[in-house]
Amino acid sequence: SAVISQKPSRDICQRGTSLTIQCQVDSQVTMMFWYRQQPGQSLTLIATANQGSEATYESGFVIDKFPISRPNLTFSTLTVSNMSPEDSSIYLCSVADGDQPQHFGDGTRLSIL
Amino acid sequence: QQPVQSPQAVILREGEDAVINCSSSKALYSVHWYRQKHGEAPIFLMILLKGGEQKGHDKISASFNEKKQQSSLYLTASQLSYSGTYFCGTDSGGYQKVTFGTGTKLQVIP
């Protein structure tokens with residue numbers, strides 16, 4: 001399966017600031033996704049990152065808060081904007097190619113003070 | 001709608017068996033099973049496609065009842081390494097967009 005590198009692995013940020021999380025894959029993949037996982041909870045899909053076009057957001061998530069880029073088939077970024085303590089969470093990218101299942105990066109552990 | 005898993009938590013002794021159930025309110029194209037250890041990323045276990053398929057490797061297997069919109073994960077002769085939280089993920093459209101279930105925390109003790 002693809003090797004997925006997610007950066008940063010963790011960060012502590014001040015409220016009101018923004019953080020951009022990067023997801024790099026070692027091979028081209030058709031699908032890239034961004035998830036949020038709050039402590040002790042399941043994974044919630046934020047959006048599907050589409051190469052060359054706007055991301056597809058799930059209900060409850062908006063582009064102004066979570067802008068996503070995907071300039072090519074191996075790279076995507078998620079920005080968490082104007083952060084508040086409620087945004088403290090683990091953010092995970094995952095990739096899938098064709099009919100293969102999703103594989104996850106190691107995640108970014110984000111704490112907001 | 002998020003798939004519902006049962007039980008929410010289970011404690012096993014090494015060598016015991018367990019069944020984790022996943023129930024969806026939507027028609028399903030596929031069901032995916034993952035295990036996540038504390039502080040780590042979810043790890044893919046297996047995928048089942050519609051058609052009532054049953055799959056397995058080693059001592060972990062799963063079934064998928066398309067009509068009932070349910071899947072079950074079977075762990076036999078559990079090992080300490082099986083400890084973690086198990087998530088089912090359901091795909092209703094065949095586009096790899098997966099909705100993850102509520103999770104089942106499994107602990108195997110010596």
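Criteria and cut-off values
- Residues numbered from 1 in each chain as written.
- Chains lettered and ligands numbered in written order.
- Predicted model: local features only at pLDDT ≥ 70, side-chain atom pairs only at ≥ 80, totals over all residues.
- Heavy atoms only, no water.
- Disulfide = S-S within 2.5 Å.
- Helix = DSSP H or I, 4+ residues; strand = E, 2+ residues; numbered from the N terminus.
- Buried < 20%, exposed > 50% of the residue type's maximum accessible area, 1.4 Å probe, protein only.
- Core = buried A, V, L, I, M, F, W, Y, C linked by side-chain atoms within 4.5 Å.
- Contact = heavy atoms within 4.5 Å.
- Pairing = 2+ DSSP bridges.

### Re the state of the cysteines
So, step 1. By the definition in use, this model includes two disulfides over all chains.
So, step 2. Across the disulfide, A:Cys23 is cross-linked to A:Cys93 (sulfur-sulfur distance 2.0 Å). The sign of the S-S torsion, about 60°, decides the handedness of the disulfide formed by A:Cys23 and A:Cys93: right-handed. Separated by 70 residues along the polypeptide, A:Cys23 in strand 3 (residues 19-25) and A:Cys93 in strand 9 (residues 89-96) bring together distant segments of the chain.
So, step 3. Judged by relative accessible area, which is 0%, A:Cys23 ranks as buried.
So, step 4. Since its relative accessible area comes to 1%, A:Cys93 is described here as buried.
So, step 5. A disulfide bridge connects B:Cys22 with B:Cys88, and the sulfur atoms are separated by 2.0 Å. The chirality of the disulfide connecting B:Cys22 with B:Cys88 is right-handed, given an S-S dihedral of about 70°.

### So, the nonpolar core
A general trend in soluble globular proteins is that nonpolar side chains are found buried together.
So, step 1. Counting 25 residues, the largest nonpolar core has A:Trp34, A:Ile46, A:Phe66, A:Ile68, A:Leu78, A:Tyr91 and A:Leu110 as its most contacted members.
So, step 2. Every element with two or more residues in this core is listed here: strand 3, strand 4 (31-37), strand 5 (43-49), strand 8 (75-80), strand 9 and strand 11 (108-112) of chain A.
So, step 3. Here the element with the most residues in this core is strand 3 of chain A; it accounts for four residues.
So, step 4. With sequence-adjacent residues up to four places away left out, A:Tyr91 is seen in contact with A:Gln6, A:Ile21, A:Tyr35, A:Arg36, A:Ile46, A:Phe66, A:Leu78, A:Val80, A:Gly107, A:Thr108 and A:Leu110.
So, step 5. Counting residues in hydrophobic clusters, the runner-up holds 20 residues, among them B:Leu12, B:Leu45, B:Ile60 and B:Tyr82.

### Quick notes on the pairing of strand 3 (residues 18-23) of chain B
Two faces belong to every sheet, and in a regular strand the side chains alternate between them.
All names here are of chain B.
So, step 1. Taking every second residue as pointing to the same face, the buried face of strand 3 carries Ala18, Ile20 and Cys22, while none of Val19, Asn21 and Ser23 on the other face is buried.
So, step 2. Two elements, strand 1 (residues 4-6) and strand 3, share three bridges in a ladder whose sense is antiparallel. Paired with Ser6 across the two strands is Asn21, which belongs to strand 3.
So, step 3. Pairing of strand 3 with strand 8 (residues 70-75), which is carried by six bridges, proceeds in the antiparallel orientation. Bridging across to strand 8, Val19 finds its partner in Tyr74.

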